[in-house]
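# Summary of the model geometry
Now for the letters of each chain:
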Amino acid sequence: MKIGLLLIGDELLSGRINDANGKWLATQLTPSQFEIGEIKIIHDTKQDIKAALDELFAKFDIVLTSGGLGPTQDDITKFAIAEYYNKELVNLKENDDIVEAHYARINKEWNHKNNNYHLMPKDFTITHNPCGLAPGMIYEDQNKVILCAPGVPREFKQLFNEVYSPFLENKFNSKNKGYFALSIRTYAIAEEAIFADLCPTLWNDLEKFGKVSSLPLSDFGGVDIVVTLEVNEKLEEHKAMILEIINNSPLSKNVWQIGNLSLEEYIVKIANEKNKTISFAESCTGGLTASKITDVSGSSAIFLGSVISYANSVKTNLLGVSQSTLDLHGAVSEKTALEMAIGARKVCDSDISISFTGIAGPGGGSEQKPVGTVGIGWSYKDISESKIYNFVGDRLKLKQRFSNKGLMKLLEILKGL
């Protein structure tokens, strides 16, 4: 069953912020019986909101709105929807109770003169907001359903997961089958190389089991292939058959995970399973790689630290990179990356260390070492090596690509231990 997603906010159209809710919801819905049929982004005006609802309800039985439920003058979603359904705004005791509970959660007292959180269109159901102050609301009009959520990503996600998803499953589950999304995550190979050259029959082979989709991931240099399977008595058999196809194909060497974990989540999982500690020496990535790992719950058991050696003096004083190496080979070189990795492993006393030293630009490049050049080193057991890689992109993209390349090397090492 398809959902129309309506994103409301001038800030989304002016470029002041990027939408996070549409992308998250599409990923969240992938393994379920629901999917996004269309996403509309509109201004904070009653006219635009009501016109968008007409368009979406003409196509879908479920519309989910994001944004415009806050306390400021431009938060008019509630008022526009009340007009759309020709409903007056009412204040019921249950409305007050929910809003008061939201404020009590943050040890504050609610003053109803400061906002209109307690007002709801008549006959609408007010909903608890698990991590914010503005309540959500639900209304069923014959076979059509509208669900309204705040636009703040953290609030949108928790409200959907804890309130709206169970509501939809309860209301529509008897009419729909469940689905399971099997993700095949690859790296170092382009989409056309997979389906045109390496495995020309793969798409058709996988499509025998369910809907196939392909998502290129530029920062990884790979592709996510997702097969959506019906949840039935043959699910496990079909999963096993798909894995056999993949494992017996030329693509198998490029598959780094069968599953939905991010690269950093998968690394933390494998490192914990193998009881291996890791550390980094980061120059051009500026701590980005350490930040990715420490964003993951459970990382404290395996991540010991990172030396952010942006300046050459830090490379020599903390990591033990020799001055002669810097003089002869430069900061961005295989030799420097090697000594950085060895130094970080020694300083942190870790099982594995990965180093990064590169040129993220836009300045600083040369004919011999253009912008996008990065040296990555690794040290574990009795093995210490390094290599130079070259990427393209702007400064932020390059930092991401440098970091991901090093993390892929870390994952390769972990899997081999």
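See above for the structure.
What you see is a predicted model; the values in this text were computed from it and never measured.

### Thoughts on the sheet that holds strand E13 (residues 278-282)
Strand order in this open sheet of five strands is E14-E13-E15-E16-E17, and the pairing throughout is mixed. Strands with a single pairing partner mark the edges of an open sheet, and in this sheet they are strand E14 (303-308) and strand E17 (383-390). Adjacent strand axes in the sheet meet at a mean angle of 15° when their direction is disregarded.

### Observations concerning the pairing of strand E10 (residues 211-217)
Relative to strand E11 (residues 222-230), E10 runs antiparallel, the two being bridged by seven bridges. Bridge pairing in E11 links Pro216 to Val223. Hairpin geometry of E10 and E11 is characterised by an intervening segment of four residues between the two adjacent antiparallel strands and by a positive phi of about 65° at Gly221.

### A closer look at the side chain of Gln257
In this fold, Gln257 is placed in strand E12 (residues 255-258). Relative accessible area serves as the criterion here: at 4%, Gln257 is assigned to the buried category. For Gln257, the side chain forms a polar contact with the main-chain nitrogen of Asn260, separated by 3.4 Å. In this view, Gln257 contacts Ser183, Ile184, Arg185, Tyr266 and Lys415; residues no more than four positions away in its chain are not counted.

### Thoughts on the environment of Gly70
Positionally, Gly70 belongs in the loop between strand E3 (62-66) and helix H4 (77-84). Using a relative accessible area of 16% as the deciding quantity, one classes Gly70 as buried. Residues Gly70 and Asn116, spaced 46 residues apart in sequence, show a C-alpha to C-alpha distance of 8.3 Å. In contact with Gly70, not counting residues within four places along its chain, are Asp75, Asn116 and Tyr117.

### Structural notes on the sheet that holds E12
The strand order E10-E11-E9-E12 describes an open sheet built from four strands, whose pairing is antiparallel. Each having just a single partner strand, E10 and E12 make up the two edges of the open sheet. Across the sheet, the axes of successive neighbouring strands diverge by a mean angle of 20°, strand direction being ignored. Sheet topology places strand E9 (residues 179-186) next to E11; seven bridges connect them, and they run antiparallel. By the bridge assignment, Phe180 is partnered in E11 with Leu229.

### Quick look at the packing of helix H2 (residues 21-29) against helix H6 (residues 153-172)
Geometrically, a packed helix pair is captured by the angle between its two axes and the distance between the axes. Packing of H2 against H6 brings their axes to within 10 Å, and their N-to-C directions diverge by 25°. Considered as vectors, H2 and H6 are oriented roughly parallel to each other. Helix-helix and strand crossings are classified by hand; for H2 and H6 the assignment is right-handed. Where H2 approaches H6, its residues Asn21, Trp24, Leu25, Gln28 and Leu29 are matched on the opposing element by Pro153, Phe156, Lys157, Phe160 and Asn161. For the contact of H2 with H6, the residue count by class is six nonpolar, three polar and one charged.

### A word on the side chain of Ser249
For Ser249, the location among the structural elements is in the loop between helix H9 (235-247) and E12. For Ser249, the side chain forms a polar contact with the main-chain oxygen of Ile246, separated by 2.8 Å.

### Examining the nonpolar core
Counting residues in hydrophobic clusters, the biggest one holds 32 residues, and the most contacted among them are Ile267, Ile278, Phe280, Ile293, Ile354 and Leu410. Secondary structure elements with two or more residues in this core: helix H10 (263-274), E13, helix H11 (288-294), strand E15 (352-358), strand E16 (373-380) and helix H15 (395-416). In terms of residues, this core owes the most to one element, H15, which gives eight residues. Ile267 has contacts with Ile278, Ile293, Leu407, Leu410, Leu411 and Leu414, leaving out every residue within four places of it along the chain.

Rules used in this analysis
- Residues numbered from 1 in each chain as written.
- Predicted model: local features only at pLDDT ≥ 70, side-chain atom pairs only at ≥ 80, totals over all residues.
- Heavy atoms only, no water.
- Pairing = 2+ DSSP bridges.
- Helix = DSSP H or I, 4+ residues; strand = E, 2+ residues; numbered from the N terminus.
- Axes fitted to C-alpha atoms, helices over the stretch in contact; angles between N-to-C directions.
- Buried < 20%, exposed > 50% of the residue type's maximum accessible area, 1.4 Å probe, protein only.
- Polar contact = N/O pair within 3.5 Å; in protein donor to acceptor, adjacent residues only side chain to side chain.
- Contact = heavy atoms within 4.5 Å.
- Parallel < 35°, antiparallel > 145°, perpendicular 65-115°, else oblique.
- Left-handed = near helix turned anticlockwise from the far one by under 90°.
- Nonpolar A, V, L, I, M, F, W, Y, C, P; charged D, E, K, R; others polar.
- Core = buried A, V, L, I, M, F, W, Y, C linked by side-chain atoms within 4.5 Å.

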